[in-house]
Amino acid sequence: MSARLPALSQPRWPGPLLLVLLLLEAAPGPRPGAAFYLPGLAPVNFCEEEKKSDECKAEIELFVNRLDSVESVLPYEYTAFDFCQASEGKRPSENLGQVLFGERIEPSPYKFTFNKEETCKLVCTKTYHTEKAEDKQKLEFLKKSMLLNYQHHWIVDNMPVTWCYDVEDGQRFCNPGFPIGCYITDKGHAKDACVINSEFHERDTFYIFNHVDIKIYYHVVETGSMGARLVAAKLEPKSFKHTHIDKPDCSGPPMDISNKASGEIKIAYTYSVSFHEDKHIRWASRWDYILESMPHTHIQWFSIMNSLVIVLFLSGMVAMIMLRTLHKDIARYNQMDSTEDAQEEFGWKLVHGDIFRPPRKGMLLSVFLGSGTQILIMTFVTLFFACLGFLSPANRGALMTCAVVLWVLLGTPAGYVAARFYKSFGGEKWKTNVLLTSFLCPGIVFADFFIMNLILWGEGSSAAIPFGTLVAILALWFCISVPLTFIGAYFGFKKNAIEHPVRTNQIPRQIPEQSFYTKPLPGIIMGGILPFGCIFIQLFFILNSIWSHQMYYMFGFLFLVFIILVITCSEATILLCYFHLCAEDYHWQWRSFLTSGFTAVYFLIYAIHYFFSKLQITGTASTILYFGYTMIMVLIFFLFTGTIGFFACFWFVTKIYSVVKVD
């Protein structure tokens, strides 16, 4: 019996949340274990059948979530498979975030009574006749899901039921899912979880995990209320071909299904449950054992240090330009008396009459700035709440719900910023501006999302958004976001245009011949490298959590990286903007947006590299879905980083031209 799993089943988990834990310790208000709890996250007390009361439950319910795989982007509901179904039971209501992420939590036939141990209890028996088309189809679906290593996700008392096993370097990894089964190839190669048992050796055969040994850990409440609280639920999947299906004893050879099997096949599903008191784990820290099994913390700190070095380097450069070069330039320009001296001058001062000339395609730029502002504020607020522990993994779907609701409510700043800049660019088609701000970028995202949803519908996946939810999302967009955008635009257009520190000349100045480095494209390509360098390690963990179905905890790290990204985008854009102005090129508006926005192109290249080097995704539908959803992320990231670059450059240009004397 070996418990070492191959690379495929190795943890792809992000490192532990050190900063968030520190923030949680310091944060006032809702904390696990405090007197005030977030909705749905308060502890539940359990006690024996004879002691049960309103404050203390005896029955422990096990819920089942969707099944997913690292080899496919398509998750499926528990009911899509031919497993034992619950005869009755109330299905928990899902929030918007859970529906968007395809989570489908349902009651299961596994019911336990607190402190009542069961051994090899039969849940149900499934019989398949291979000559019957319906039975054959169900069996084939089961085999296909074992081949793609689909995993169960079970929940007890809002905690994932974990499967803990040894991995390389003597580490113990706790996986919040366990496989349906595994496959031995026709060449005798053990795939995925088949390596855990030496009895799995028949060629071209599937082994189904039809028995689970569940261990539930609890600690007794010392003060106040009576009863015990659950602190962990762990299981070990096993496979048994039960000799007496009516009276199973959980012994004998494993339950094998040959790929060429015919006739009648019976699968009996059983479980054993035991209860263990653990005095060391408190209810407030019951997620810690999953956190502690995650590697990569040192990579996180390395990533932060790496990013900080880049930020310090850029800050030094910007400070040097601001203090030395600009200070000298401004002092020299302001001391000049004669126009002859001014004629001999060169550099950024010469373009003062053209610096605030409206850019080409000002309408589109203002719309992008409006949408980018909306995304920027949404990201900041969401990450801030996540840092305070409001959006922890225990509060399922909260992160996505928070982001969507914030995006909808932030229509006003989007409309205001778009209108304000469009007016300063001299635009007069305000109706078109408002409509484009409301519908252009959200429309592109929704169209992409809808096409991906059609594919998911076609594949029968649980990630397909129900029609009712799509209507609800459209209602949020049209009935709340769009009117708020109009209100913002109304105030933006009502205000006077932004006052510039220098007047714009009637005749545009001719831009001299530019060297290779000061041409637009090389500058834009260079501009995205440094911001991307700050985030690419964090990006690896985010992509892991999305595509390898892992929990993401590290909001403290992420918030820090977000701040570093904002600073780096700003400084890199200001730096390149200054060099271009010195080369007498005054077209800074689009260039500043595209310089930091180009980080999104590096993000896309990285996502393509990640797909081919890190993922085992197979099938056309999964590939289309991966790249479809990646394009949504790239567009959002492009607007987000581009807006940061533009605002930084706008501030810089306004600042330097407001301190020089202009005749």
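The structure displayed is predicted, hence computed values, not measured ones.

Calculation rules
What you see as residue numbers is a count from 1 along each chain, following the sequence as written. Since the coordinates come from a predicted model, pLDDT governs what is reported: local features require at least 70, and pairs of side-chain atoms require 80 or more to be given and counted, while whole-chain, interface and lining totals use all residues. In computing side-chain properties, one takes all heavy atoms of the structure into account and sets aside hydrogens as well as water. For this analysis, a ring pair means two rings from Phe, Tyr or Trp (six-membered ring only for Trp) whose centres lie within 6.5 Å, classed as stacked if their planes differ by under 30 degrees, edge-to-face if by over 60, and tilted for the remaining angles. Under the DSSP-based scheme used, a helix requires at least four consecutive residues in state H or I and a strand at least two consecutive residues in state E, with every element numbered from the N terminus. Exposure categories follow from relative accessible area, calculated using a 1.4 Å probe and restricted to protein chains: below 20% of the type maximum is buried, above 50% is exposed, and the middle band is partly exposed. Residue-level confidence of the predictor is what pLDDT reports, using numbers from 0 through 100. Residue contacts are counted whenever heavy atoms from the two residues lie within 4.5 Å of one another. When DSSP finds two or more bridges between a pair of strands, those strands are recorded as paired. Where helices are involved, their axes are fitted lines through C-alpha atoms of the stretch in contact, as for all axes, and angles between N-to-C directions lie from 0 to 180°. Just so you know, the domain bounds were taken from an automatic or database domain assignment. Accessible surface is computed with a 1.4 Å probe, and the buried area is the amount of it that two parts give up when combined, taken over both parts together. Salt bridge, as used here: a side-chain nitrogen of Lys or Arg that lies within 4 Å of a carboxyl oxygen of Asp or Glu. Identification of polar contacts relies on pairs of N or O atoms within 3.5 Å, with a donor-acceptor requirement for protein atoms, meaning one able to donate a hydrogen and the other able to accept it, and with residues adjacent in sequence counted only if both atoms are side-chain atoms. Residues were grouped as follows: Ala, Val, Leu, Ile, Met, Phe, Trp, Tyr, Cys and Pro as nonpolar; Asp, Glu, Lys and Arg as charged; and all remaining residues, including Gly, as polar.

Participant: Can you walk me through the packing of aromatic side chains in this structure?
Facilitator: Taken as a whole, this structure holds 65 aromatic pairs when the rule is applied. Ring centres 6.1 Å apart and planes at 85° place the aromatic pair Phe 368 and Phe 638 in the edge-to-face group. Taken as a pair, Phe 368 in helix α7 (residues 362-387) and Phe 638 in helix α17 (residues 620-658) lie far apart in primary sequence, 270 residues in all. For Phe 368, a relative accessible area of 14% corresponds to the buried category.

Participant: For this particular structure, what's the right way to read the confidence of the model for the protein chain?
Facilitator: Low-pLDDT stretches of the model should not have their predicted coordinates read in fine detail. When pLDDT is averaged along the protein chain, the result is 85, and 90% of the positions lie at 70 or above. Note on residues 1-37: pLDDT is under 50 here. Beyond four places in sequence and across chains, it has 106 contacts.

Participant: What am I meant to see in the sheet that holds strand β12 (residues 181-184) here?
Facilitator: By way of backbone hydrogen bonds, the strands of a sheet pair with one another, either parallel or antiparallel. Strand order across the open sheet formed by 3 strands is β12-β13-β16, with antiparallel pairing between neighbours. Strands at the two margins of the open sheet, each flanked by one partner only, are β12 and β16 (256-258). The average undirected angle you get between the axes of adjacent strands in this sheet is 25°. Here strand β13 (residues 205-208) runs beside β16; their pairing, made up of 3 bridges, is antiparallel. The residue bridging Phe 206 from the neighbouring strand is Ile 257, located in β16. Lying over the sheet, helix α3 (residues 133-147) contacts β12, β13 and β16, oriented at roughly 90° with respect to β13.

Participant: Would you explain the sheet that holds strand β17 (residues 264-277) in this entry?
Facilitator: Pairing within the open sheet is mixed, and its 4 strands lie in the order β5-β17-β14-β15. The two strands at the open ends of the sheet, each matched to only one other strand, are β5 (118-129) and β15 (228-238). The average undirected angle you get between the axes of adjacent strands in this sheet is 20°. Contacts from α3 reach β5 and β17 within the one sheet, and its direction differs from that of β5 by about 125°.

Participant: Help me understand unusual backbone geometry in this model?
Facilitator: Glycine aside, the phi torsion of most residues is negative, and most peptide linkages are trans. Positive phi is not limited to glycine here, since Cys 120 has a value of about 50°. Considering the arrangement of structural elements, one finds Cys 120 in strand β5. Even without glycine at this site, Asn 149 takes up a positive phi of about 60°.

Participant: Would you take a moment to explain the domain arrangement of the protein chain for this structure?
Facilitator: Size of an interface: often given as the accessible area lost when the parts come together. On domain assignment, one finds that the protein chain holds domain 1 (45-292), domain 2 (313-326 + 519-662) and domain 3 (360-499). Taking only C-alpha atoms, the centre of domain 1 and the centre of domain 2 are 43 Å apart. With 13 residues of domain 1 in contact, the opposing surface of domain 2 contributes 10 residues. Across the interface of domain 1 and domain 2, roughly 1200 Å² is buried in total on both sides, 67% from carbon and sulfur atoms. Among the residues domain 1 hides against domain 2, the three largest losses belong to Val 70, Glu 71 and Val 73. Together they make up 46% of the total. Where domain 1 touches domain 2, the interface holds 0 salt bridges. Linking domain 1 to domain 2 there are 3 residue pairs in polar contact (both at pLDDT 80 or more). Those elements that provide at least two residues to the side of domain 1 that touches domain 2 are β2 (67-69) and β3 (72-76). Per-element accounting of the side of domain 1 that touches domain 2 gives the leading share, 3 residues, to β3. Taken together, the residues that form the side of domain 1 that touches domain 2 break down as 8 nonpolar, 2 polar and 3 charged.

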